[in-house]
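Here are the chains, one letter per residue:
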Amino acid sequence: MNCLATLDIFAGCGGLSEGLQQSGVCTTKWAIEYEEAAGDAFKLNHPESLMFINNYNVILKAIMDKTGDSDDCISTPEAAELAAKLNEEEIKNLPLPGQGFVEFGCYFHRQPDLGWMRKLQQILGRKLQRNLHAIYVLHPTFGLKAAIFALQLFVDGVVWKKVVYVDRLLQLFKYVPREQHTIPDFVFQHDLEVNGGKGLMVDPRTKINVKDPYKRLGISKEASEDEIQGARNFLVQRYIGHKPSIDAIESAHDKIIMQQFYDRKNPKINIKKKVREVTQSKVMLAITSRFRTPSSNFIVKTSIAFVILGALTVLFPTEEGPTLQVAISLIATMYFIHDRLKNKLRAFLYGAGTFILSWLVGTFLMVSVIPPIIKGRRSLEVTTSLISYVLLWVSSTYLR
């Protein structure tokens, strides 16, 4: 009995697929589940299957779009919109009618005979022939190539011209993702005998002592869960029968999964992301929109003025405090704002408002936050004045 390649809809955790696979009726190649938790459980129970965690209407609509049957598909506008938003990788992995048949049809025959090829011709109806992307023939012999060539010439060129000859498994995985295959052990063994391991990305038998689990599996640290599981499945089947390799593969896989689980439970704070979120928030954008960078000459002019005021405040404190310097700072602020904006009313309002705010902020900081920096008479007033000068300089130079 030939196994069927199936798509499990409303897959849940994979109980139905497990029962059907144990009965030998089919092998679940793809599955759709809307609930993420159930979909993740299905992945653990069926690592060889490709899981789509999405609305089944969206995936089925995307499949029909991919096969060119959009006109025959009745779907909601929402499903059509979401199907159109699937990325290239998701669309590439979508199953097609008839996909996987050649692989399953040959499972119990090392070499497909003419009877099997005739049966395939009968099963493929017109619709499947049109949707059929390719027939991949792995490790083809000269006799098989000659038989297929005859079929192309005298029987049906539409189907048999879609045959693609593949010399090694790694080449096959470039056409069809590794996780979409369930390949018998004898095929792996034959591939190893014929090709001698040529083109292998990773050979864990030579990397058993590599401590980094990602390097041991031959994947990057940014690899997705599907890529991690696919690498594990590929290596386990590739080196079946070599216990040290299998142990090394399983150990690396378990370490990666546990580390990802720990990272999800204890997420690290992404400082760059947090800073970007703050700087792009509506409040921050509203604040920054009130400031504008003037010419370099204007920045130098205002800087010199307030540096001189600060020096006079520190060098010549009086019993009454730096009253004169503070008054000059208010006048200078209004002057510089008017010089930029050419508006007397705004210069007065901005200057007076900034002056009051700067003194409130300076007083709060000196009383509650900053310890005394300058010693001597009127140290509190002097330090508060210096803080207010900084804020007045910012408003004089950049406030728009």
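Not measured: the values here are computed from a predicted model.

**Looking at the packing of aromatic side chains**
Next, step 1: What the rule picks out here adds up to 5 aromatic pairs.
Next, step 2: Note on Phe 306 and Phe 336: the rings are 6.4 Å apart at their centroids and 45° apart in plane angle, and the pair reads as tilted. Here Phe 306, found in helix H18 (residues 296-315), pairs with Phe 336, found in helix H19 (residues 323-341); they are 30 residues apart in sequence, far enough to count as distant.
Next, step 3: The buried category is assigned to Phe 336, whose relative accessible area is 5%.
Next, step 4: Site record: aromatic cluster; members linked through ring pairs are Phe 298, Phe 306, Tyr 335 and Phe 336.
Next, step 5: The side chain of Lys 145 reaches across the aromatic face of Tyr 165, ending 5.3 Å from its centre.

**Re helix H9 (residues 142-154)**
Next, step 1: The end-to-end C-alpha distance of H9, which contains 13 residues, comes to 18 Å, matching closely the 18 Å that a straight helix rising 1.5 Å per residue would cover.
Next, step 2: Within H9 the residues assigned to the buried category are Leu 144, Ala 147, Ile 148 and Leu 151. For H9, the buried positions fall inside an angular range of 95° around the axis, keeping them on one side. Exposed residues lying more than 90 degrees from the buried face of H9 are Phe 142, Leu 153 and Phe 154.
Next, step 3: Where H9 begins, the side chain of Thr 141 points an oxygen toward the backbone nitrogen of Leu 144, at a separation of 3.2 Å.

**Looking at the environment of Val 187**
Next, step 1: Topologically, Val 187 is positioned in helix H12 (residues 185-195).
Next, step 2: As for Val 187 and His 139, which are separated by 48 residues in sequence, their C-alpha atoms are 9.2 Å apart.
Next, step 3: Among residues more than four places away in sequence, those in contact with Val 187 are Leu 138, His 139 and Leu 169.

**Points about the UniProt feature "transmembrane region" (unreviewed entry) in the protein chain**
Next, step 1: Per the UniProt record, "transmembrane region" (unreviewed entry) is found at residues 298-316, 322-338, 347-370 and 382-399.
Next, step 2: Along residues 382-399 one finds 94% helix and 0% strand; the C-alpha atoms at either end are 25 Å apart.

**Topic: helix H3 (residues 56-66)**
Next, step 1: Listed in full, the buried residues belonging to H3 are Val 58, Ile 59, Lys 61, Ala 62 and Ile 63.
Next, step 2: Packing partners of the buried residues in H3 comprise strand E1 (4-9), strand E2 (26-33), strand E3 (50-53) and helix H4 (77-84).
Next, step 3: A side-chain oxygen of the first residue of H3 lies 2.8 Å from the backbone nitrogen of Asn 57; this N-cap is Asn 55.
Next, step 4: Note on H3: the residue one or two positions beyond its end, Gly 68, has a positive phi of about 80°.

**With respect to the pairing of E2**
Next, step 1: Within E2, 8 of the 8 residues are buried, which leaves the element mostly enclosed by the surrounding structure.
Next, step 2: Following the backbone out of E1, through helix H1 (residues 15-23) and into the adjacent parallel E2, one traces a crossover that is right-handed.
Next, step 3: Pairing geometry for E2 and E3, over 4 bridges, is parallel. Bridge pairing links Ala 31 to Met 51 in E3.
Next, step 4: For the crossover from E2 across helix H2 (residues 36-45) to E3, the handedness is right-handed.

**Points about the pattern of salt bridges**
Next, step 1: Counting across every chain of the model gives 6 salt bridges.
Next, step 2: A salt bridge links Lys 43 to Asp 226; the nearest nitrogen and oxygen atoms lie 3.6 Å apart. Of this pair, Lys 43 sits in helix H2 while Asp 226 sits in helix H14 (residues 225-238), and the two are 183 residues apart along the sequence.
Next, step 3: Asp 226 sits in the partly exposed class, given a relative accessible area of 33%.

Conventions we followed
- Residues numbered from 1 in each chain as written.
- Predicted model: local features only at pLDDT ≥ 70, side-chain atom pairs only at ≥ 80, totals over all residues.
- Heavy atoms only, no water.
- Phe/Tyr/Trp six-rings, centres within 6.5 Å; stacked < 30°, edge-to-face > 60°.
- Helix = DSSP H or I, 4+ residues; strand = E, 2+ residues; numbered from the N terminus.
- Buried < 20%, exposed > 50% of the residue type's maximum accessible area, 1.4 Å probe, protein only.
- Lys NZ or Arg CZ within 6 Å of the ring centre and 35° of its normal.
- Expected span 1.5 Å × (residues − 1).
- Arc of directions from axis to C-beta.
- Polar contact = N/O pair within 3.5 Å; in protein donor to acceptor, adjacent residues only side chain to side chain.
- Contact = heavy atoms within 4.5 Å.
- UniProt positions renumbered as here; feature names shortened; annotations may be inferred.
- Right-handed = clockwise from strand over helix to strand, strands pointing away.
- Pairing = 2+ DSSP bridges.
- Salt bridge = Lys/Arg side-chain N within 4 Å of Asp/Glu carboxyl O.

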